[in-house]
Amino acid sequence: MPLRASLVGLSLTSLSALTYHLIQSNHSWGCFEYGAIAGQTLLQLLAFSPLLMNVGFKLNAGLLDHSWGNAPELSTKERRDKCWGKNVLVVGGTHGIGRGCALSFAKAGANVWVVGRSRADAVVEQMRQVSPLPQQEKSFQTIPRDLMKAEQCTVLCQEIIDKEWRVDFVVLTVGCWPDRAEPLTKDGLNKVIALDLVARYAVLEGLVPALAPGASALSVLASTQKMPHPEAEEIKSFITGEAATKGKQYGLMQVLAMAGVSADTMLWQAGSRLPYDRVLGMHPGLVESEISKTALPRYLWPFSRATMGLLQLAGAVLGEEEAGNLCVDIVAYEGVPECQKEDEPNTHYYNHIRECRFTDSLAYNEEFGSWMWSWLSAFVSKKGAEK
């Protein structure tokens, strides 16, 4: 036990040092960063305890921040009771967590349409096989769209509206890692912002005419993780692409931190501006998938695959199916968190251990939120008109 406690402390210390270094630096990952990640992972393996991972995420979320209730783990029957015959749109549902969500909803008796950059006929066939719905009632489709382009988000939403498909649950897992070689889209936006923020907003807003009564939305990203980030004005410059035109560069952790808090800010605004019954943000923890295995440089893939596999055996990492069940349970949960106030948006944030918690304080800043909503509305409207 003393050894394990020491390893926990050392691991958390290395994580803190790594985070500080990345936030302070404006360069891409190098030997130091990857070495620190490898060392931390090794310590976690030696400690061999899911508790270590949970403590790390709790510290990053804010150890003194209260938990405002938990979303319970549902049984198979309970999931079917809540999801049977419901229509679910999973945006980013062809790989990783999104695919896990699609299959979990299908197993619960929901009709599922998945959106990805390319067709996902294999996922559709898997959903058909696991679905308990009668054959004539099944509705599974794949819709190929490149949501890196705002106009394609508009096209997607209009297609669903035209088909008169009423959506009960919207699950957004679409996203990407920073692209060091070509960081910007043709619109001049950082690719991470294009997917983590703009695409999420465009889909949530564009689907309003297609929503069924009581519809809810879940964004799977980095909610509850309070990562250090620049001030609001600098984040605005990063979002609009102005910082890039001035030659400003950011490190990986800075990009992810700014995208995460921006997405949570948008969700907070959506909770009061859009007619969703609930708007939810979630951090899934560590999820083992081919995406997580290949996020690092190619020469580290074998190490990544081996460590993620061992961590999953230790119970510290979720598989795609477990992550999918977690998403289903949270978006289908109808309880009201203790922190809900009558005059606040019905937006809540959950972590991977089902706790409802506060997210980064900037997400609740009304000036920053109003600016962001206005900019997103103008940008997506302009790009939608160009399609």
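Residues numbered from 1 in each chain as written. Predicted model: local features only at pLDDT ≥ 70, side-chain atom pairs only at ≥ 80, totals over all residues. Heavy atoms only, no water.

Colleague: How do you make sense of the environment of P209 when you look at a structure like this?
Modeller: Within the fold, P209 resides in the loop between α8 (191-206) and β5 (211-220). Sequence separation of P209 and I160 is 49 residues, and the distance between their C-alpha atoms is 9.5 Å. Residues contacting P209, with those up to four places away along its chain left out, are I161 and R166. (Helix = DSSP H or I, 4+ residues; strand = E, 2+ residues; numbered from the N terminus. Contact = heavy atoms within 4.5 Å.)

Colleague: Explanation requested: the pattern of salt bridges in the structure shown.
Modeller: Between side chains of opposite charge, pairing is possible as soon as their charged atoms come close. In total, this model carries 17 salt bridges according to the counting rule given. A salt bridge links K383 to D187; its shortest N-O distance comes to 3.2 Å. Residue K383 is found in helix α15 (residues 366-385), and its partner D187 is found in the loop between β4 (167-172) and α8; the two are separated by 196 residues along the sequence. Of the residues examined, D187 reaches a relative accessible area of 30% and is grouped as partly exposed. Note that E367 and K236 form a salt bridge whose closest N and O atoms lie 3.0 Å from each other. On the criterion of sequence distance, the pair formed by E367 in helix α15 and K236 in helix α9 (residues 232-240) is long-range, its members being 131 residues apart. Since its relative accessible area comes to 48%, E367 is described here as partly exposed. On the basis of relative accessible area, K236 is assigned to the buried category, the value being 10%. In this structure, a network of salt bridges that share partners links the residues R79, D329 and R354. (Salt bridge = Lys/Arg side-chain N within 4 Å of Asp/Glu carboxyl O. Buried < 20%, exposed > 50% of the residue type's maximum accessible area, 1.4 Å probe, protein only.)

Colleague: What's the story with helix α5 (residues 96-107) in this structure? I'm lost.
Modeller: Because the α-helix completes a turn every 3.6 residues, residues three or four places apart line up on one side. With 12 residues, α5 extends 17 Å from end C-alpha to end C-alpha; this agrees with the ideal 16 Å at 1.5 Å per step. Summarising burial for α5: 11 of the 12 residues are buried, a large majority. When we look at burial in α5, the residues that qualify are G96, I97, G98, R99, G100, C101, A102, L103, S104, F105 and A106. One or two residues past the end of α5 sits G109, with phi positive at roughly 90 degrees. (Expected span 1.5 Å × (residues − 1).)

Colleague: Looking at this structure, I do not really get the packing of aromatic side chains. What am I missing?
Modeller: Centre distance and the angle of the planes are the two values used to describe a pair of aromatic rings. Enumeration over the complete set of coordinates arrives at 10 aromatic pairs. Taking the centre distance of 6.2 Å and the plane angle of 85 degrees together, the rings of Y349 and Y364 count as edge-to-face. Taken together, the positions of Y349 in strand β9 (residues 347-350) and Y364 in the loop between β10 (356-357) and α15 put the pair 15 residues apart, joining distant regions of the chain. Among the residues examined, Y364 registers a relative accessible area of 26% and is labelled partly exposed. Plain terms: the ring middles of F358 and Y364 are 6.1 Å apart, the flat faces sit at 85 degrees to each other, and that makes the pair edge-to-face. An aromatic cluster of at least three residues, connected via ring pairs, comprises W268, Y349, F358 and Y364. (Phe/Tyr/Trp six-rings, centres within 6.5 Å; stacked < 30°, edge-to-face > 60°.)

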